[in-house]
Amino acid sequence: MHMADALISPAVGGIMWAVSAGFTGYSVRKLTKDPDEGIVPLMGVMGAFVFAAQMINFTIPGTGSSGHIGGGMLLSALLGPVGGFLTLASVLLIQALFFGDGGLLAYGCNLANMGIFTSFVIYPLVWRRIMKKGVTAKRIWWGSVLSVVAALQLGAFSVVLETFASGRTELPFSAFVVLMQPIHLAIGVVEGLVTAAVLTFVWQARPELIEPNRAHLQAGVSLRKVLVVMGIAVVLTGGALSLFASSFPDGLEWSMFGVMGEEEITAAGTVHSTFSDIQEKTAVLPDYTFKVPDGATELTETAALAGTSVSGLVGGAMTLVLAGLIGFAVTRFRKRETHA
Amino acid sequence: MPDVSSAVRDMHRMEALARSNTGVHRLHPVTKLLTVLMFLIAALSFERHAFGRLLPLFLFPVLTAALADLPWKPFLKRLLFVEPFVIGIGILNPLFDQVPVPFAGFEAARGWFTFLSLFLKTTLTVLAALQLIACTGMERLLAGLHAMGLPRVLVLQVSLTYRYLTVLAEEAGRLLTAYSLRAPGQKGIRFSAWGSLAGMLLLRSFDRAQRIHHAMQLRGYDGHVPLPPGTMPGMADAVWFFGWSCWFALVRFVDLPLWLGRLMTGG
């Protein structure tokens, strides 16, 4: 469910960064107050464990396919919500930097989709309530499956919302929801079962490791306060960023309109005509344009925006070639310098 | 996610690349991170049909690779693993946006341009992230971020995860090899072994964590780990950051390919 950078806008990425930073700050503060120093080395190794365990394929009985371990719920069940969240944050960062799984600007989105919902929504509302009367194998199975399914449903829905708010795809909201939710329901059931199998094994071998025994991590800063502060931060940041995002590219035209009375500078005068003549003479393919179909002005405009006009295509290809040539020249120059 | 052995190999390769000593490697880690963030903001701020205007941004990964002596093959290989998800979502766009757009003499659904845009943005952003770590290294990046105010506990957490990642990945690899030798022909772990296989790895990890903690305590660990002092950015950092920022701004606000194309075609 890693969200790629390409699917989000800077405004949405920025807002989700702010939200995730808030929860990270809350978790760090709580962990710093915690007297259990052993939790940090434990978190480090557990992060590495989740990373390694995610590479194991678990065969789904009765089907030819396989599933993976999720990690978020497992970490929260073993380390508590705060420890689990920070551990997942480190795993996601390493995955983004070393493997390109989830982008850097989308890091906040991924942390929210996979970490915040699991640790701060599903954990207290589902897992903790099921475990309230004591840990049993049956409760671990039910708790794991329900928690992972619910967390993945929330996460998948959040992916849809973030993608929709970013406006980087044509997928209608309803179609994307219909695509994402059922797939993640199936994934959630499998991940939940794997998580349950692992947690049950651990509970039978070392019952003290299951998180309720680390209940002291629950005390401290009020989550409600944090959520209120985060809510205000989201509104403020979202407002500021969306203002920036919506006004900045078009704001250039708007300011041009204010200054010039037109949205584009119309060129005139001898200097312009001289350079036009030079352009005509230097052009490799002068006046080489395709005929525009009648009444297709709007479409041509879209095409020009998309870089699909002939000039755009030629220019695009040349840009790539130029970038490649510059890279090639620099590499050659550096090699020659090294040999010299 | 890749398989265990290739993931470990990829990480070792990245670390080896990060140990070079080119001018890009010597730049302050935060400078490189901020430059990449500027690059990402510029690339992702383009609207969904834009693809021609994204092309000048390729100068950044191309020049970074040239100046930092980075090979292309491992990065392009990694892209092959990442692209399918975006392609999966992107390929649906032509179905939902079929407004015809003239394209090189014929008409294409506008959704194809959204798809192309998503593909290019993924290529650019993934390359930038991978190159950042390949010419910086995890430890230096974390030290730089700590100098910028990232909480010590977070730095320690990421650092420990990173250090033990290859160790545990190799352990998982040995477990899987042992399992496959006893269960030839099986593609994955059968249901009855789900809990015991991953559970054993987890318990071993816990024990390892405890041993590490005890060893750290014996060396005087009291919840604080000294981190290497961060260096200060220099003139080269300023040139790198502001130079690239200007280029990104130029690309963002001026349609360079169209300008170049008009210059060539006179169109």
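Reading the values: rules and limits
- Residues numbered from 1 in each chain as written.
- Chains lettered and ligands numbered in written order.
- Predicted model: local features only at pLDDT ≥ 70, side-chain atom pairs only at ≥ 80, totals over all residues.
- Helix = DSSP H or I, 4+ residues; strand = E, 2+ residues; numbered from the N terminus.
- Rg over C-alpha atoms; globule rule 2.2 N^0.38 Å.
- Buried ≥ 20, exposed ≤ 12 C-beta atoms within 10 Å, placed from the backbone.
- Domains from an automatic or database assignment.
- Contact = placed C-beta atoms within 7 Å.
- Expected span 1.5 Å × (residues − 1).
- pLDDT = per-residue confidence, 0-100.
- Nonpolar A, V, L, I, M, F, W, Y, C, P; charged D, E, K, R; others polar.
- Bend = angle between axes of the 7 residues up to and from the residue.
- Core = buried A, V, L, I, M, F, W, Y, C linked by C-beta atoms within 7 Å.

(A) Up close: the overall build of chain B. Looking only at helices and strands, one finds twelve helices and two strands in chain B. Listed by position from the N terminus, the elements making up chain B come as α-α-α-α-α-α-β-β-α-α-α-α-α-α. Relative to the globule expectation of 18 Å for 267 residues, the C-alpha radius of gyration of chain B, 23 Å, shows a markedly less compact shape. With the C-alpha coordinates aligned to their principal axes, the bounding extent of chain B is approximately 75 × 55 × 30 Å. The buried share of chain B, taken over its 267 residues, is 46%.

(B) Quick peek at the domain arrangement of chain B. Residue and element names in this part refer to chain B. Each assigned domain of chain B is listed here: domain 1 (4-136 + 234-265) and domain 2 (151-218). The gap between the C-alpha centroids of domain 1 and domain 2 is 34 Å. Across the boundary between the two partners, domain 1 contributes five residues, which contact seven residues of domain 2.

(C) Seen up close, helix α10 (residues 194-218) of chain B. If you check α10(B), its first and last C-alpha atoms are 36 Å apart, about what 25 residues at 1.5 Å a residue would give, namely 36 Å. Taken together, the buried positions of α10(B) are Trp194(B), Gly195(B), Leu197(B), Ala198(B), Gly199(B), Leu201(B), Leu202(B), Ser205(B) and Ala209(B). On the buried face of α10(B), the contacting elements are α2 (39-53), β1 (58-59) and α6 (173-205) of chain A together with α9 (152-182) of chain B. The first or second residue beyond α10(B) is Gly220(B), which carries a positive phi of 95 degrees.

(D) Seen up close, the confidence of the model for chain B. Residues and elements named next belong to chain B. Confidence along chain B averages 86 in pLDDT terms, with 94% of residues attaining 70 or more. The secondary-structure element of chain B with the lowest mean pLDDT is strand β1 (residues 100-103), recorded at 78, while helix α4 (residues 59-67) shows the highest, at 96. Both scores are available for the predicted complex, with the pTM at 0.78 and the ipTM at 0.87.

(E) Seen up close, the interface of chain B and chain A. Facing 107 residues of chain B, the contacting portion of chain A comprises 104 residues. Ranked by residues supplied to the side of chain B that touches chain A, first place goes to α9(B) with 16 residues. Considering only residue class, the side of chain B that touches chain A consists of 71 nonpolar, 23 polar and 13 charged.

(F) Spatial organisation of helix α5 (residues 73-90) of chain B. End to end, α5(B) covers 24 Å across 18 residues, agreeing with the expected 26 Å (1.5 Å per residue, within 8%). If you look at α5(B), its biggest bend is around 40 degrees, right at Val82(B), and the proline Pro84(B) turns up within four residues after that. Restricting attention to buried positions, one finds in α5(B) the residues Phe75(B), Arg78(B), Val82(B), Val86(B), Ile89(B) and Gly90(B). Buried-residue contacts for α5(B) involve α3 (72-99) of chain A together with α6 (93-96) and α7 (111-134) of chain B.

(G) Main features of the nonpolar core. Phe49(A), Ala52(A), Val198(A) and Ile133(B) are the most contacted members of the largest nonpolar core, which has 167 residues in total. Considering every element that reaches this core, the biggest residue donor is α3(A), with 19 residues. Apart from residues lying up to four places away in sequence, Val198(A) is in contact with Ile69(A), Leu74(A), Gly195(B), Ala198(B), Gly199(B) and Leu202(B).

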